[in-house]
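# Fold and geometry: a report
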Amino acid sequence: MNNIINRWPIWIVFAVLIWLLYALQSILMPFFAAALLAYLCNPLVDRLMKWRFSRIAAVSTVFSVLFLTITTTLVLLIPMLWRQFMYLESRLPFLLKWINRKAIPWLEKSFKVDLDRLDMDLITSWLTSYWQEAGTAAGHVLTRVAQSSLDIISIVGLISLVPVVTFYLLLDWDKIINNIKELIPRHIEPTVSKLALECDDVLSAFIRGQLMVMLALGIIYAVGLQIVGLKLGILIGLLAGLASIIPYFGFVVGIIAASITCLFQFGTHSLDTLLAVWLVFAIGQILEGWILQPYLIGDKIGLPPVGVIFAVMAGGQLFGFIGMLLALPVAAIIMVLLHHAHNRYRQSEFYQRPRIDDEST
């Protein structure tokens, strides 16, 4: 009790930090995004420094490649995605009618089941209200921008901060880590450093590996569906790649959406095209299970598929979309801490105490 009272300055500093994070949350997102990019890119900088690059030259090289890659990808991808969004919006009413008039009867006839028809009035009213709300919200945004140009300037300013902060964080990353390390009390520094290194291995295995897996699957699905001829191939493929952060969820979402699109676009009698769509997703699953997951992520995370699904659902339930994004990294860190707690428990006197019957003998 006395130790807790004597450490009241530490608790005050901790409370002030939490209050600052809450009070400044509206401007912290660029710094959080920049810190994530710096964390992902720092190993590349360290590798270039091993090749006799100076720190500033290595950071400039990595930053330039990253900036050019993101810019080129956006320039090439956004127009294609926009065209597919416009196509989806124009064909959505016909798609709903097709599901009622052709898809559901075909499923009933093929699989001998009874299915309910979609309530077109309900869906139409929902879509109408959705678009009206979206239009109203857009109108409010435009009105605010028209009233005060400071809003749009502040948004652009915050976005433009990301590359600037990323560059300087990369430049001073090692110094920042060393300064944080120096703040750790000396008697617990070895243990904390060991846990931090293991957490870093787990996080790097998950974040870098999972991002590459999602990107690879998105490219495989998008290119494959475009080759098959789906007009929404890129949109569905990238959506399936992003959803693959949850085991098998991207595959299920992608193959259902692609199958419905295929049957709507080519008709229920074009089974060869439907089989080609299924083949694309089968190839993606084979490559993910045999190549992408083992080589890009491996077994460092230590979370079974059921644990991954539970962590994502729990994060979404507690903190919404942001919680879903942070659920797996936090769960991976918790797994590292639980592993050490388990080892300490196995080595404790309480666990290794002999049984009562052994003591009596």
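The structure presented is a predicted model; accordingly, all values stated were derived computationally and were not measured. (Residues numbered from 1 in each chain as written. Predicted model: local features only at pLDDT ≥ 70, side-chain atom pairs only at ≥ 80, totals over all residues. Heavy atoms only, no water.)

### Regarding the overall build of the chain
Quick note on the threshold: Think of it this way: any DSSP run of H or I at least four residues long counts as a helix, any run of E at least two long counts as a strand, and we number them from the N terminus. Between buried and exposed lies partly exposed: a residue is buried under 20% and exposed over 50% of the maximum accessible area for its type, with that area taken using a 1.4 Å probe on protein chains only. Contacts between residues were defined by any pair of non-hydrogen atoms, one from each residue, lying within 4.5 Å.
Per the secondary structure count, the chain includes 14 helices and zero strands. For the chain, the α and β elements follow one another from N to C terminus as α-α-α-α-α-α-α-α-α-α-α-α-α-α. For the chain, the proportion of its 361 residues judged to be buried stands at 27%. In the chain, the share of contacts with a sequence separation of at least 24, taken over all contacts with a separation of at least 6, comes to 67%.

### Thoughts on the packing of helix α9 (residues 233-243) against helix α10 (residues 249-266)
Selection rule: Angles shown run from 0 to 180 degrees and are taken between the N-to-C directions of axes, each axis being a line fitted to C-alpha atoms and, for helices, limited to the stretch in contact. Our angle categories are set so that under 35 degrees counts as roughly parallel, over 145 as roughly antiparallel, 65 to 115 as roughly perpendicular, and the remainder as oblique. Each crossing gets its handedness from the near helix: less than a right angle anticlockwise from the far helix is left-handed, clockwise is right-handed.
Their axes nearest at 7 Å, the elements α9 and α10 cross at an angle of 160°. Viewed along their axes, α9 and α10 adopt a mutual orientation that is roughly antiparallel. Of the two possible hands of crossing, α9 and α10 adopt the one that is right-handed. Facing Ile 236, Leu 239, Ala 240 and Ala 243 of α9, the residues of α10 in contact are Phe 249, Gly 250, Val 253, Gly 254, Ala 257, Ala 258 and Thr 261.

### Some details on the environment of Met 80
With respect to the element layout, Met 80 can be found in helix α4 (residues 55-111). When its relative accessible area of 28% is taken as the criterion, Met 80 is described as partly exposed. Considering only alpha carbons, one finds Met 80 and Ile 234, 154 residues apart in sequence, at a separation of 7.9 Å.

### Considering the pattern of salt bridges
Stated precisely, the cut-off is as follows: Any carboxyl oxygen of Asp or Glu that lies within 4 Å of a side-chain nitrogen of Lys or Arg is treated as forming a salt bridge with it.
Evaluation of the coordinates by the stated rule reveals three salt bridges. Of the charged contacts, one joins Asp 174 and Arg 55 as a salt bridge, the two residues approaching to 3.2 Å between their closest N and O atoms. Taken together, the positions of Asp 174 in helix α7 (residues 173-183) and Arg 55 in helix α4 put the pair 119 residues apart, joining distant regions of the chain. Look at Asp 174 and you get partly exposed, because its relative accessible area is 32%. Between Lys 181 and Glu 189 there is a salt bridge, with its nearest N and O atoms 3.8 Å apart. Here the residues in one salt-bridge network are Asp 46, Arg 55 and Asp 174, joined through shared partners.

### Quick notes on the side chain of Asn 42
Tracing the chain through its elements places Asn 42 in helix α3 (residues 25-50). Residue class for Asn 42 comes out buried when judged on its relative accessible area of 8%. Residues contacting Asn 42, with those up to four places away along its chain left out, are Arg 55, Leu 170, Trp 173 and Asp 174.

### Considering the packing of helix α8 (residues 189-228) against α9
How we decide: Gly falls in the polar group here, along with every residue not listed as nonpolar (Ala, Val, Leu, Ile, Met, Phe, Trp, Tyr, Cys, Pro) or charged (Asp, Glu, Lys, Arg).
Two elements in contact, α8 and α9, have axes whose closest approach is 7 Å; the angle formed by their N-to-C orientations is 155°. Taken together, α8 and α9 sit at an angle that is classed as roughly antiparallel. Read as a crossing pair, α8 and α9 show a hand that is right-handed. Residues Met 214, Leu 217, Gly 218, Tyr 221, Ala 222, Leu 225 and Gln 226 of α8 pack against Gly 233, Ile 234, Ile 236, Gly 237, Leu 238, Ala 240, Gly 241 and Leu 242 of α9. Grouping the constituent residues of the contact of α8 with α9 by class yields 10 nonpolar, five polar and no charged.

### A few points about a nonpolar patch on the surface
Short version of the rule: Patch membership is restricted to residues that have no salt bridge and whose relative accessible area is over 30%. Joining uses 9 Å for like charges and 5 Å for the nonpolar side chains Val, Leu, Ile, Met, Phe, Trp and Tyr. For accessible areas, the Shrake-Rupley method is used with a probe of radius 1.4 Å. Any residue's cover is judged against the shown protein chains and nothing else.
There is a patch of nonpolar side chains on the surface, built from Ile 12, Val 13, Val 16, Leu 17, Trp 19, Leu 20, Leu 24 and Ile 27 and spanning about 710 Å² of accessible area. For the nonpolar patch, the element with the highest residue contribution is helix α2 (residues 8-23), accounting for six residues. Within the secondary structure layout, Ile 27 lies in helix α3.

### Considering the side chain of Gln 210
The cut-off we apply is this: As used in this structure description, the phrase polar contact means that two N or O atoms lie within 3.5 Å; if the pair is within protein, one of them must be able to donate a hydrogen and the other to accept it, and residues adjacent in sequence are counted only when both atoms belong to side chains.
Mapped onto the fold, Gln 210 is located in helix α8. Engagement of the side chain of Gln 210 in a polar contact is seen with the backbone oxygen of Ser 244, the distance being 3.4 Å.

### Digging into the packing of aromatic side chains
Aromatic ring pairs are described here by two measures, namely the spacing of the ring centres and the angle between the planes. The condition that has to hold: Aromatic pairs are defined between Phe, Tyr and Trp rings, using the six-membered ring for Trp, whenever the two ring centres lie within 6.5 Å; interplanar angles under 30 degrees are classed as stacked, those over 60 as edge-to-face, and all others as tilted.
Taken as a whole, this structure holds five aromatic pairs when the rule is applied. Note on Phe 251 and Phe 281: the rings are 6.3 Å apart at their centroids and 75° apart in plane angle, and the pair reads as edge-to-face. Remark: Phe 281 occurs in helix α11 (residues 271-297) and Phe 251 occurs in helix α10; sequence separation between them is 30 residues. Assessed through its relative accessible area of 24%, Phe 251 is described here as partly exposed. With a relative accessible area of 0%, Phe 281 lands in the buried category.

### Considerations on the confidence of the model for the chain
We apply this condition: Along the chain, pLDDT gives the predictor's confidence residue by residue, from 0 to 100.
Scored by pLDDT, the chain has a mean of 78; 78% of the residues are at 70 or more. Ranking the elements of the chain by mean pLDDT puts helix α1 (residues 2-6) last with 52 and α9 first with 90. The low-confidence segment residues 145-150 (pLDDT under 50) makes one contact with residues lying over four places distant or belonging to another chain.

### Concerning α10
Note the threshold: Working rule for helices: expected span equals 1.5 Å times residues minus one.
An ideal rise of 1.5 Å per residue puts 26 Å on 18 residues; α10 measures up with 25 Å between its terminal C-alpha atoms. Those residues of α10 not exposed but buried are Gly 250, Gly 254, Ile 255, Ala 258, Ser 259, Thr 261, Cys 262, Leu 263 and Phe 264. One or two positions beyond α10, positive phi appears at Gly 267, with a value near 95°.

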